[in-house]
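# Residue-level structure breakdown
Below, each chain spelled out in residue letters.
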Protein chains: 2
Amino acid sequence: MTTLPQLSEYQARVNQLLANKLDGLPVNDTKLLEAMRYGLLIGGKRMRPYLVYTTGLALGAKLEDLDGIACALECIHAYSLLHDDLPAMDDDDLRRGQPTCHKAFDEATAILAGDSLQTLAFDFLANHPFSDFGQQKMPTLLQQLVAAAGYQGMCGGQALDLSATDKRVSLNELETIHKLKTGALLKASVTMASECALQVTDEQKTTLATFAELIGLAYQVQDDIIDITSTQEQLGKPKGSDIEANKSTYPALLGLADAQQKAETLYQESLQALATLPYNTDTLADFATFIVRRTH
Amino acid sequence: MTTLPQLSEYQARVNQLLANKLDGLPVNDTKLLEAMRYGLLIGGKRMRPYLVYTTGLALGAKLEDLDGIACALECIHAYSLLHDDLPAMDDDDLRRGQPTCHKAFDEATAILAGDSLQTLAFDFLANHPFSDFGQQKMPTLLQQLVAAAGYQGMCGGQALDLSATDKRVSLNELETIHKLKTGALLKASVTMASECALQVTDEQKTTLATFAELIGLAYQVQDDIIDITSTQEQLGKPKGSDIEANKSTYPALLGLADAQQKAETLYQESLQALATLPYNTDTLADFATFIVRRTH
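Residues numbered from 1 in each chain as written. Chains lettered and ligands numbered in written order. Predicted model: local features only at pLDDT ≥ 70, side-chain atom pairs only at ≥ 80, totals over all residues. Heavy atoms only, no water.

An unreviewed UniProt entry annotates chain A as (2E,6E)-farnesyl diphosphate synthase originating from Thalassotalea euphylliae. Check the Sequence similarities (unreviewed entry) section of the UniProt entry for chain A; it says "Belongs to the FPP/GGPP synthase family." The UniProt entry for chain A carries the following comment under Cofactor (unreviewed entry): "Mg(2+)". (UniProt positions renumbered as here; feature names shortened; annotations may be inferred.)

Below is the structure:
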């Protein structure tokens, strides 16, 4: 499995929703709005929306609720990329084969576009036409988005990642970094989607959260592997950029073979978690397969 | 009126609530947490919380609801200062007489602390113990916070302000910048607080919003005046820093005397708005007086 069924359909869906949202904003500041559009729509695999739709539809959630959640999470992800790429952070010139936002515009605009995209995530929770059931779940959805995005989630993970640069960290420390930096949003994709499904029990939600944690970690291990086994053309950024930036990676800590084995183990455990659920979770299993089989 | 009744009481109250929130966060990353604390607790007049409490209590809102709103707005304000001070933006070394966050820590940490403080604002809406009535109003409160903070509010205003640097803008353009950059949060302080009061009519809410717009603008005009009439010691930053940064200001566009007259006119109009309300709004009138009489 190196492609995902319905990926392009979900990509098109979320891209349209995000574009509609930006089109609906007043043109106060053309440059800022264009930078937000650049950051949000220039590309991206839309893994988080894919997980939201796949999880939610497997569990019987309403599509309109999943739309709002998918857009909110993608806004958080997009803002984090704009800020992570800044010279003071990872100092990347390329993202998805294109100039990073601060290269295409300027640093101030990239900072403000990121800030605005974070607010836009909460704008989706506030203003997207959720179903009545989705609206009832809003306090929980808001709590989950906050926990995934902020100090206790993604932001904290990026800070830990920066602190770990130029240092050799332990495997445990690396795992904590990734659980927060990338894992928190991937987990929220699954938990927020499952929150909008009517009949899912708390135990099943916990199992789904475990599945999400496992594939979140597998995703990062595979990302580290790809960074050294893929080509610049495939990556859309220079090969070996993690090593270049003195980042700790799974292959660096474990060696390539053991890192590949780790991805495989996480994958198998994620499938075992899914197998306990009384739903057709084939699409989630496909996602897990895709995560560890992708080569770029 | 050069001091505000109960200002120190409300300052102490909101500072304690903000400190408690930070104390409750897990210590994942000491540096990031300290930078958030620095940005949130190093000082500040707490004008937005003051407006929240003063408005809400005049209208009979519950104190616990005002607490959550005051903290949320102050988190947004604090994050904006961290980002505005960055070298790529206003490039300020001093804030409230202390090194700015990126000087005390580093740029990456200041960016991430700002990002985390923005999320923390929404964390207050998500997790603060609002009353049942406050909880019922949460969808509206969330909408108002989003509108005040993001592209359509403060962020958009900062972008317009940066675009206007080194240019001569019209009075209308300057007013739009300030309505968004500082006015939006001040207005939200009043509108979010009035949302939590049980018996306030929509018409009264509109009048309160008008009052807030008028004093928001007066606040900025007076700020511009103070920037050239105050001392560095009073300001906690170099005098004339707006002029130094080639920012358009009211005194620059109108001359000092006409800028002072403009502040006075806005002040009188704000009092007229208050006078139509069937509440004791003396404390809001005191605030308006304070805004245009303060000298630093």
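## So, the overall build of chain A
Check the secondary structure of chain A and you find 16 helices and two strands. Over its C-alpha trace chain A gives a radius of gyration of 18 Å, about what one expects of a compact globule, namely 19 Å for 296 residues. Considered along the principal axes of its C-alpha atoms, chain A spans approximately 50 × 50 × 30 Å. In chain A, the share of contacts with a sequence separation of at least 24, taken over all contacts with a separation of at least 6, comes to 74%. Element-wise, carbon and sulfur atoms account for 48% of the exposed surface of chain A, whose accessible area totals about 11,300 Å². (Helix = DSSP H or I, 4+ residues; strand = E, 2+ residues; numbered from the N terminus. Rg over C-alpha atoms; globule rule 2.2 N^0.38 Å. Contact = heavy atoms within 4.5 Å. Areas by Shrake-Rupley, 256 points an atom, 1.4 Å probe, with all protein chains shown as cover.)

## As for the interface of chain A and chain B
With 41 residues of chain A at the contact, the number on the chain B side is 41 residues. Summing the contributions of chain A and of chain B, the shared interface buries around 3,700 Å²; its carbon and sulfur component is 69%. Looking at the side of chain A facing chain B, the largest losses of area belong to A:Leu112, A:Thr119 and A:Tyr151, adding up to 20% of the total buried there. In this structure, the connection of chain A to chain B is made through zero salt bridges. At the surface where chain A touches chain B, the tally comes to 20 residue pairs in polar contact (both at pLDDT 80 or more). Elements with a minimum of two residues in the side of chain A that touches chain B: helix H2 (30–41), helix H4 (63–84), helix H6 (107–127), helix H8 (138–149) and helix H9 (154–164) of chain A. Counting residues per element, the side of chain A that touches chain B draws most heavily on H6(A), which supplies 13 residues. Per-class residue counts for the side of chain A that touches chain B are 25 nonpolar, twelve polar and four charged. (Buried area = accessible area lost by both parts, 1.4 Å probe. Salt bridge = Lys/Arg side-chain N within 4 Å of Asp/Glu carboxyl O. Polar contact = N/O pair within 3.5 Å; in protein donor to acceptor, adjacent residues only side chain to side chain. Nonpolar A, V, L, I, M, F, W, Y, C, P; charged D, E, K, R; others polar.)

## Considering H8(A)
The terminal C-alpha atoms of H8(A) lie 16 Å apart, and with twelve residues this matches the ideal 16 Å at 1.5 Å per residue to within 8%. Taken together, the buried positions of H8(A) are A:Met138, A:Leu141, A:Leu142, A:Gln144, A:Leu145, A:Val146, A:Ala148 and A:Ala149. (Expected span 1.5 Å × (residues − 1). Buried < 20%, exposed > 50% of the residue type's maximum accessible area, 1.4 Å probe, protein only.)

## Observations concerning the environment of A:Gly114
Residue and element names in this part refer to chain A. Mapped onto the secondary structure, Gly-114 falls in helix H6. Given the relative accessible area of 0%, Gly-114 is considered buried. Separated by 180 residues in sequence, Gly-114 and Arg-294 have C-alpha atoms that sit 28 Å apart. For Gly-114, the contacting residues outside a window of four places in its chain are Tyr-79, Leu-82 and His-83.

## Quick word on the relation of the copies chain A and chain B
Of the transformation placing chain A onto chain B, the axial shift is 0.0 Å and the rotation is 180°, giving an RMSD of 0.0 Å. What the rotation and shift describe, once combined, is the action of a two-fold rotation axis. Closest approach to the rotation axis within chain A is made by the C-alpha atom of A:Asp115, at a distance of 3.5 Å. A symmetric contact is evident, with 100% of the interface residues of chain A recurring at the interface of chain B. (Least-squares fit on C-alpha atoms with pLDDT ≥ 70 in both.)

## Focus: the packing of aromatic side chains
If you walk through the whole model with that rule in mind, you get nine aromatic pairs over all chains. Ring geometry for A:Phe122 and B:Phe122: centres 3.9 Å apart, planes at 5°, overall stacked. With A:Phe122 in helix H6 and B:Phe122 in helix H6 (residues 107–127), this residue pair bridges two chains. Side by side, A:Phe122 and B:Phe122 carry an identical accessibility label, which is buried. Relative to B:Phe287, the ring of B:Tyr50 lies with its centre 5.7 Å away and its plane at 20°, an arrangement referred to as stacked. On the criterion of sequence distance, the pair formed by B:Tyr50 in helix H3 (residues 47–59) and B:Phe287 in helix H16 (residues 282–293) is long-range, its members being 237 residues apart. Per residue, the accessibility class of B:Tyr50 equals that of B:Phe287, and both read buried. (Phe/Tyr/Trp six-rings, centres within 6.5 Å; stacked < 30°, edge-to-face > 60°.)

## Quick look at the packing of H8(A) against helix H10 (residues 171–195) of chain A
Describing two packed helices takes the angle between their axes plus the distance from one axis to the other. Residue and element names in this part refer to chain A. Here H8 crosses H10 at 175°, and the two axes come no closer than 9 Å. Judged by the inter-axis angle, H8 sits roughly antiparallel to H10. The residues of H10 that touch H8, namely those facing Thr-140, Leu-141, Gln-144, Leu-145 and Ala-148, are Ala-184, Leu-185, Ala-188, Thr-191, Met-192 and Glu-195. Here the residues of the contact of H8 with H10 sort into seven nonpolar, three polar and one charged. (Axes fitted to C-alpha atoms, helices over the stretch in contact; angles between N-to-C directions. Parallel < 35°, antiparallel > 145°, perpendicular 65-115°, else oblique.)

## Considering the side chain of B:Ser248
Residues and elements named next belong to chain B. Mapping Ser-248 onto the fold places it in the loop between helix H13 (241–244) and helix H14 (250–254). At 3.2 Å, the side chain of Ser-248 and the backbone oxygen of Lys-167 are in polar contact. Excluding its chain neighbours within four sequence positions, the residues that come into contact with Ser-248 are Lys-167, Arg-168, Val-169 and Leu-174.

## Notes on unusual backbone geometry
Both trends apply: most residues other than glycine have a negative phi, and most peptide bonds are in trans. Residue and element names in this part refer to chain B. For Asp-91, which is not glycine, the phi torsion reads 55° and is therefore positive. Considering the arrangement of structural elements, one finds Asp-91 in the loop between helix H4 (63–84) and strand E1 (94–95). Backbone geometry at Arg-96 places phi at a positive 55°, although glycine is not the residue there. Relative to the elements of secondary structure, Arg-96 occurs in the loop between E1 and strand E2 (98–99).

## Remarks on the pattern of salt bridges
All names here are of chain A. This structure, assessed with the given rule, holds 30 salt bridges over all chains. Lys-181 serves as the salt-bridge partner of Asp-161, at 2.7 Å between the closest nitrogen and oxygen. One end of the pair, Asp-161, is in helix H9; the other, Lys-181, is in helix H10, with 20 residues separating them in the sequence. Taken individually, Asp-161 and Lys-181 each receive the classification buried, so the pair is uniform in this respect. Residues joined by salt bridges that share partners form a network here, namely Asp-23, Glu-34 and Arg-37.

## Things to note about helix H1 (residues 7–23) of chain B
Residue and element names in this part refer to chain B. Taking 1.5 Å of rise per residue, 17 residues should cover 24 Å, and H1 covers 24 Å from first to last C-alpha, within 8% of that figure. Taken residue by residue, H1 has Leu-7, Tyr-10, Val-14, Leu-18, Ala-19, Lys-21 and Leu-22 as its buried positions. Along the axis of H1, the buried positions cluster into a sector of 160°, meaning they face one direction only. Among the exposed residues of H1, those oriented more than 90 degrees off its buried face are Ser-8 and Asp-23. (Arc of directions from axis to C-beta.)

## A word on the state of the cysteines
Taken as a whole and judged by the stated rule, the model has zero disulfides over all chains. You can see A:Cys75 has no disulfide; the closest cysteine sulfur is in A:Cys71, sitting 6.6 Å from it. Counting only cysteine sulfurs, B:Cys101 is the nearest neighbor of A:Cys155, a cysteine outside any disulfide, at a range of 13 Å. Residue class for A:Cys155 comes out buried when judged on its relative accessible area of 1%. (Disulfide = S-S within 2.5 Å.)

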